[in-house]
Each structure stands twice: as structure tokens, then as C-alpha cells.
Amino acid sequence: EILRCLVGSEMCIRDRCIRSFKMGYIEDLRKLIGHKRIVLNGSLVIIENKDGKILMQKRTYPKGKWGLPGGLMELGESTVETAVREVREETNLTVENLKLLGVYSGKDHLCKAENGDEWYVVVTAYTTKDFSGTLMINDGESEALEWFYPEEIPKNIPSTHRLVIDDYKNGL
């Protein structure tokens, strides 16, 4: 069958739409290529509250590391849609009026999982002060959610997240 279009979370084949397999495509891809390096796209969001604090997430993987809310793109999503969905899934917050901070990629953005999987990440980072909802852990990816002043951000964060936060602090 011929893939005719990809719209939102539905895949349309010969005018018949079916639910996509969402993140299963990464697992399916890994079955074919093993642990070889690939490129994955994701989004991060710096959410700043009225006190000037940034929301950080203590992640379950990598265990004990802090990071910004965000994650990997699903099939058919834009980077903004990825950012909004990931923040909602991880924090229960709805973010709006996202402003592009930057795109981070290249040889310094190689990630390695404990199982041996390797990937280069292309991260699109956004900022916002416009959010609503009740902050709460909404998935199995978080151990804690806390607000930090930019100068008090934990040291134990992924290097890409550190670059994003540094650019934000420097007004880029």
C-alpha cells in the first residue's frame, strides 16, 4: 500500500485512516538497526513563573538527573506541538505563546542509553511565561517537579539542557 499522507496522529493509506503507532516507530526502527546511531528530534520548554523561576523536572531516566520539560517528537508533529504535548504529559500544565529560543544540534549532542542505543538529538528550545493548570507529575518519566531561580539550577542536568538554560540566562 502507498502512504498517501500523515496527519496529526493518524496515518492515511489509500484514503483509509488508522491510528499511528506514535513512539512505537522508534522501537520498530531499533529492531531493524539495533544500537546504531540515528537522529531524533525533540523539543524543550523553559517555563518561567511570575517570580522569575524556571520549572525543572527530576527525571526517572537518566535516573536522578534534572532537566527541562520536553521530549521526542512523534510522527507528524511540529516542534511546537511536541513541546506543548510533552509539557502537558510531564507537568499537567498547558503552555501557550511559545517563543523560539534556538535549535541545538551537532556532534556535541550525542546521547547514549544504558541499553547501548545511540542517537544525535536535534533539540528545538522554546520559552514561555504563559501557562495554566495545576502542576503535578503526570507520567512515569518524573520523580519531582520544582521551580528554581536560574542561578540555582541543579548541576546534574543533560549538557543540551545546560546550553539552553545558559542561552536563556544570557538573553539569547
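The following refers to the structure shown. Note that the coordinates shown come from a computational prediction; the quantities given were computed from them, not determined experimentally. (Residues numbered from 1 in each chain as written. Predicted model: local features only at pLDDT ≥ 70, side-chain atom pairs only at ≥ 80, totals over all residues. Heavy atoms only, no water.)

1. Some points on the overall build of the chain
Part 1 of the reasoning: The helix and strand tally for the chain stands at 3 helices and 13 strands.
Part 2 of the reasoning: Per-residue burial for the chain yields a buried fraction of 42% across its 172 residues.
Part 3 of the reasoning: Across the chain, every contact between residues at least 6 apart in sequence was considered, and the portion connecting residues at least 24 apart equals 64%.
Part 4 of the reasoning: Carbon and sulfur atoms provide 52% of the accessible area of the chain, an area that totals close to 9,700 Å². (Helix = DSSP H or I, 4+ residues; strand = E, 2+ residues; numbered from the N terminus. Buried < 20%, exposed > 50% of the residue type's maximum accessible area, 1.4 Å probe, protein only. Contact = heavy atoms within 4.5 Å. Areas by Shrake-Rupley, 256 points an atom, 1.4 Å probe, with all protein chains shown as cover.)

2. Thoughts on the pairing of strand S11 (residues 118-128)
On any regular strand, side chains alternate: one points to one face of the sheet, the next to the other face.
Part 1 of the reasoning: For S11, a buried count of 9 out of 11 residues is recorded, marking the element as mostly surrounded by other parts of the structure.
Part 2 of the reasoning: Sheet analysis places strand S4 (residues 38-47) next to S11, joined by 10 bridges and oriented parallel. Bridging from a neighbouring strand, Gly42 pairs with Val123 of S11.
Part 3 of the reasoning: Here strand S9 (residues 99-104) runs beside S11; their pairing, made up of 5 bridges, is antiparallel. Looking across to S11, one finds that Val103 is bridged to Thr124. (Pairing = 2+ DSSP bridges.)

3. Structural notes on helix H3 (residues 159-169)
Part 1 of the reasoning: Turning to H3, its buried residues are Thr160, His161, Val164, Ile165, Asp167 and Tyr168. On an axial view of H3, the arc spanned by its buried residues comes to 160 degrees, and they lie on one face.
Part 2 of the reasoning: For H3, the secondary structure elements touched by its buried residues are S4, strand S5 (54-59), strand S6 (66-67), S9 and S11.
Part 3 of the reasoning: Phi turns positive one or two residues past the end of H3, at Gly171, with a value near 75 degrees. (Arc of directions from axis to C-beta.)

4. Points about the side chain of Thr128
Part 1 of the reasoning: Following the sequence through the fold, Thr128 ends up in strand S11.
Part 2 of the reasoning: Take Thr128: its relative accessible area is 4%, and that puts it in the buried class.
Part 3 of the reasoning: In this structure, Thr128 is in contact with Val45, Ile46, Ile47, Glu48, Val95, Glu96, Asn97 and Leu98, ignoring residues within four places of it in sequence.

5. Concerning the layout of surface pockets
Part 1 of the reasoning: The computed volume of the largest pocket comes to approximately 1,200 Å³.
Part 2 of the reasoning: What lines the largest pocket is a set of 39 residues, among which Arg59, Tyr61, Pro62, Leu72 and Trp119 lie closest to the centre.
Part 3 of the reasoning: If you list the elements that add at least two residues to the lining of the largest pocket, you get helix H1 (24-33), S4, strand S7 (70-72), helix H2 (79-91), strand S10 (110-112), S11 and H3.
Part 4 of the reasoning: Among the elements that line the lining of the largest pocket, the one with the most residues is S4, at 5 residues. (1 Å grid on protein atoms, 1.4 Å probe; cavity = no way out; pocket = protein on both sides within 12 Å on 5 of 7 lines; lining within 4 Å. Points joined across faces, edges and corners; volume = space filled by probe spheres on them.)

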